[in-house]
Every structure is written in C-alpha cells, then in structure tokens.
Amino acid sequence: MTGTLIGTQTTSKLPIAPSTEKKSAGGCGCSSKTPQEVKDQKILDRISKHPCYSEEAHHHYARMHVAVAPACNIQCNYCNRKYDCANESRPGVVSELLTPEEAAHKVLVIAGKIPQMTVLGIAGPGDPLANPEKTFRTFELIAQKAPDIKLCLSTNGLMLPDYVDRIKQLNIDHVTITINMVDPKVGEKIYPWIRYKRKRYKGLEAAKILHERQMEGLQALQEADILCKVNSVMIPGINDEHLVEVDEVIRSKGAFLHNIMPLISAPEHGTYFGLTGQRGPTPKELKALQDNCSGNMKMMRHCRQCRADAVGLLGEDRSQEFTKDKFMEMAPEYDFDKRQEVHAGIEQSKAEQKAEKERKAALRKANDAPLPKILVAVATKGGGVVNQHFGHAKEFQIFEIDGTEAKFVGHRKVDLYCQGGYGEEATLDNIIKAIADCKGVLASKIGSCPQDELRKAGVEPFEGYDTITKVAFDFYEQYLQKQKELAAV
C-alpha cells in the first residue's frame, strides 16, 4: 500500500511515503527506460517488502496472519481446520479466533513490536471470501490506522469473481489462490464437495464449478492489476504430473508467481489423505517438479505453509507471544516514522549484500572451466546471515552453489537437535537424512559430536558468521580445494 487512503478514508495524518520515481533533468518527467523496464521496476517495488512474493525479502521482512475467517465453502482432502492448537504448524490451524476489532488491535501492537513486519494476510482458518464481512471489515480498520502495511488475501477462489472490485477498492494488492487442478477429473479426487449459491455440489460437478470460478477470478485479478500468487499442493499419484499443465494455464492467465507445496498428510492431523495413507512428496520429488515448471514462470521455493495466525519471519512463528490474553493488554505502539527508519536500514543491508554477491559472481565468472553445482544446508535466524547454532535450527535453508552464485532452492524442516543441552541421537539421524544430498552444512556453531556424524554421512560441517553468500562461497572454495587434492591422489 501507499501512504494514501481511498474513498472516505483520507483523514489519516500519517506521512505519505515519497515517490521513488526519478524525473529527467529537464523536469518533464520523461524517462529513457523502456515501458517494459518501467513495468518490471514497478512490480519489483510492489513486492520488495513482501516476504512471500520476494525470495530476497523473506530473509528480512516479516508477515502476520489474523484468524478472522472461520467458515469455509469447500472441503479439501488434505485439510482439517483445527482451533486452539498451539503445537501444530500448518495451514488451517489457529489457537484462537478474533473479531475484526481484535485483529486490528493485534496488528497495531505487533507493528510496533516487530517493525520489520510489512504484510498483513487473512488466510483462514476457513476461506476469507466465505466470511466477507469479517474479512473486509478487518482490512478497512487496518488501512485506516496503518497505511504502510501491505494487505494480502488468500482464497480457494470459489467466490473470488464476486469480490475483485471490493478487493481493488481496498487496495489489497496481493491475492493468493490455491489451484490444484485445471482438469475437474483430477479435482474430484481432491475435493469431496463445495457449497456454492446455497447449494452443495459433489464429485465431478463440484470440481467443474470450482475450476470455472478459479479461472474467472484469476482473469479478473489480471485485469484489475492485482498481483496473484497461485498455491498448488503436490499430491503424488493424483496431481503431481498434472501440475505442469496447471503451471502453464495459470501463467497464460496472468499469475505472477507459482508456489508448489508438498502435501502434509500425517495421520495425526485427521485429514482424509492422512487417514487413508496418501503420502506426501520427498524433497527430491518436490524440487524436480519445481525445476520442471520454473522455465514457464517465476517459482516460489521459500514457502513455509504457515498457520492461519502466524507471526514473524517466514520459518519462525511468534504467535504464542501474542495470544489474545496478552496482546489485548498491550497498548498499540505503531509508529510510522520509526518503522520507515527500520525499513531503510534493511534496504541498505540488502543493497550491501547484493553488491557483495555481484562482486563475487563477477570474479568467479572469470574462470573458463565450468564449476560443479552443489547443495549446502544453512542454519539462519534471518537477515540473510549464517547466524544460528546447528543444534538450534528447526529448519535448514538449501542453497545451490555453482561458482558464480548461491541460489536459494528450498528449505527442510527438522526436529530440534539440542534438547535441554543434550543432543538426541535419533533426531540427528533424521536431520542428516533431511540434508543428505547436501555437500555441506553451514552454521555459526556445530558441536563436535554432530560434526563427526555429519562427516560420516558425507556432509561437511562448516562454521561461519557472515552473510549467507560469503560463507557459502568460502565453503565452496574449500570444497573445490579438497576435490583437487583427492583427484591428485
């Protein structure tokens, strides 16, 4: 969002962010850039602080979801909406439901406590557009009081065509649609029923209606110039091969970003797929599908499949710090100027890291011989820095290094290794299995015991505390040197 408000909501006296457009020396506002370059830069500006739409931003900026939308109008075989569940991290799960007024109060509290929080999303625990009054009232309250926070909406798409105008009016600039099929015959294996216009539809008929509405909504978003991310759940044996076709169709209809996520199907979640033994994809299978689709359009690989009340950086969840009994006792500390100051510092850090990355890449491109690609696992608390102890990591970010760049390609969730000062042997085995295809693991500190076990598994431990790019290239140089030494023996 910009610093201005729409319609009758123009009474806010908060400062308006200055325009970033540069005019020519003549002052006429003309530019030497091509229309496409201008368009691309405007899109980059729109996503630069959105951690879901920008892989770079997700290292630095935080998001939060508010759970104001309990009802849903479709049933998915991979979904079981749970309430009052603090120990489970997946979509559709919340600890408590909020009213729009409570949600707005929570946003203002967190915007002060976490000034790098830039995005407010409504993603459930049901479907926001099956709860339109609560959803749009929440957005209205936040737009009035915190105009620098981007508004984001996630939906199954069934009711989307009816609300695109309202979404545009409220300056909701980012919408995510979950699209798992473009062939209703595939869809009937995923969706048992939908409820549309006060009638319940089942099977193939339900899937046909959902597909038609999703395509209509996607087209309407493109025409309204609203950025759209499409989420797809990869379900082996059901839609895994079909998602290539989904990718092609959504690209042709204007989707900006495609997020192919793994099915979560543990039996304890109580979903149909979980109870019937439907497996999720392996990390290797997921990456292969993402790679296969990445030539068509921009692919999101840093999704964490967040709870419907998640708070913080992607990969962390601070929602239990801000439960209703806590945040309702806190006074809002929203400060526009302070937040802009924090954001300026983040942007400076991003620029410095980008310059260092480009400098390193230029040096390595001078090599005539092509260098091998390897994967490394990184323990990080955010900020684009290797800054976490191996034993404290609940996930590892996976980067691919080829001598010219360190490219983020995914993440692997793991159980915490350090438990009360001690490492669990079974947990370490599972961590090693999760990153077994990596040549190294980068962390600020790695204990002697896990170092030995990692080496036995062919994963080299590497300690460092600097930007991910720098530590990754330092490791890569060490790796290449060892490869030369082994070849010389």
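## Things to note about the overall build of the chain
Reasoning step 1: Of the regular secondary structure elements, the chain holds 14 helices and 18 strands.
Reasoning step 2: In the chain, which comprises 489 residues, the share counted as buried stands at 52%.
Reasoning step 3: Within the chain, contacts between residues separated by at least 24 positions form 71% of all contacts whose residues are at least 6 apart in sequence.
Reasoning step 4: A total of about 22,700 Å² of accessible surface is found on the chain, and carbon and sulfur atoms cover 49% of it.

## A look at the pairing of strand β7 (residues 199–202)
Reasoning step 1: Bridge analysis of strand β6 (residues 193–196) against β7 gives four bridges, and the strand direction is antiparallel. Within the sheet, the bridge partner assigned to Trp193 lies in β7 and is Lys202.

## Quick notes on the sheet that holds strand β3 (residues 117–122)
Reasoning step 1: The sheet built from eight strands is open, its strands ordered β10-β9-β8-β5-β4-β3-β1-β11 with mixed pairing. Edge positions in the sheet fall to β10 (299–300) and β11 (311–312), since each has one partner strand and no second.
Reasoning step 2: Pairing of strand β4 (residues 150–155) with strand β5 (residues 174–178) involves four bridges; the strand directions are parallel. Among the inter-strand pairings, Leu153 is bridged to a residue of β5, identified as Val175.

## Re the sheet that holds strand β18 (residues 460–463)
Two orientations exist for strands paired in a sheet by backbone hydrogen bonds: parallel and antiparallel.
Reasoning step 1: An order of β14-β13-β12-β17-β18 is seen for the five strands of this open sheet, with the pairing classed as mixed. Of all the strands in the sheet, just β14 (406–413) and β18 have a single pairing partner and so form its edges. Adjacent strand axes in the sheet meet at a mean angle of 25°, parallel and antiparallel pairs treated alike.
Reasoning step 2: Where strand β17 (residues 440–443) lies against β18, four bridges are found, and the strand directions are parallel. The residue of β18 that forms the bridge with Leu442 is Phe462.

## What about the packing of aromatic side chains?
Reasoning step 1: Scanning the entire structure with this criterion turns up seven aromatic pairs.
Reasoning step 2: When the centroid spacing of 6.0 Å and the interplanar angle of 55° are considered together, the rings of Tyr272 and Phe273 count as tilted.
Reasoning step 3: Phe273 sits in the buried class, given a relative accessible area of 3%.
Reasoning step 4: The interplanar angle of 75° and the centroid separation of 5.5 Å between the aromatic rings of Phe462 and Phe475 together place this pair among those described as edge-to-face. Taken together, the residues Phe462 in strand β18 and Phe475 in helix α14 (residues 468–488) connect sequence positions 13 residues apart.
Reasoning step 5: Given a relative accessible area of 14%, Phe462 falls into the buried group.
Reasoning step 6: Under the relative-accessibility criterion, Phe475 is labelled buried at 1%.
Reasoning step 7: Ring-pair connections join several aromatic residues into one group, and the members of that group are Phe462, Phe475, Tyr476 and Tyr479.
Reasoning step 8: Over the ring of Phe136 we find Arg166, and its NZ or CZ is 5.6 Å from the ring centre.
Reasoning step 9: We note Arg200 situated over the ring of Trp193; from NZ or CZ to the ring centre the distance is 4.2 Å.

## Side note on the side chain of Asn231
Reasoning step 1: When you line up the elements, Asn231 lands in strand β8 (residues 227–234).
Reasoning step 2: A polar side-chain atom of Asn231 sits 2.9 Å from a polar atom in the side chain of Lys229.
Reasoning step 3: Apart from residues no more than four positions distant in its own chain, Asn231 is found in contact with Thr176, Ile177, Thr178, Ile179, Asn180, Asn259 and Met261.

## Some points on the confidence of the model for the chain
Reasoning step 1: Averaged over all residues, the pLDDT of the chain equals 82, while 84% of them reach at least 70.
Reasoning step 2: At the level of individual helices and strands, the chain shows its lowest average pLDDT in strand β16 (residues 422–423), which scores 54, and its highest in helix α5 (residues 184–187), which scores 97.
Reasoning step 3: Residue range residues 1–31 is modelled with pLDDT below 50. Its contacts to residues more than four positions away, or to other chains, number 36 contacts.
Reasoning step 4: Here residues 83–88 is modelled with pLDDT under 50, and outside its nearest four sequence neighbours on either side it reaches 18 contacts, counting other chains as well.

## So, the environment of Arg213
Reasoning step 1: By the secondary structure assignment, Arg213 is in helix α6 (residues 203–223).
Reasoning step 2: Between the C-alpha atom of Arg213 and that of Asp162, which follows or precedes it by 51 residues, the distance is 9.6 Å.
Reasoning step 3: Once you skip the residues sitting within four places of it in the chain, Arg213 turns out to touch Gly157, Leu158, Met159, Pro161, Asp162 and Tyr196.
Reasoning step 4: Reaching out from Arg213, the side chain makes a polar contact with the side chain of Tyr196 at a distance of 3.4 Å.

Parameters at a glance
Residues numbered from 1 in each chain as written. Predicted model: local features only at pLDDT ≥ 70, side-chain atom pairs only at ≥ 80, totals over all residues. Heavy atoms only, no water. Helix = DSSP H or I, 4+ residues; strand = E, 2+ residues; numbered from the N terminus. Buried < 20%, exposed > 50% of the residue type's maximum accessible area, 1.4 Å probe, protein only. Contact = heavy atoms within 4.5 Å. Areas by Shrake-Rupley, 256 points an atom, 1.4 Å probe, with all protein chains shown as cover. Pairing = 2+ DSSP bridges. Axes fitted to C-alpha atoms, helices over the stretch in contact; angles between N-to-C directions. Phe/Tyr/Trp six-rings, centres within 6.5 Å; stacked < 30°, edge-to-face > 60°. Lys NZ or Arg CZ within 6 Å of the ring centre and 35° of its normal. Polar contact = N/O pair within 3.5 Å; in protein donor to acceptor, adjacent residues only side chain to side chain. pLDDT = per-residue confidence, 0-100.

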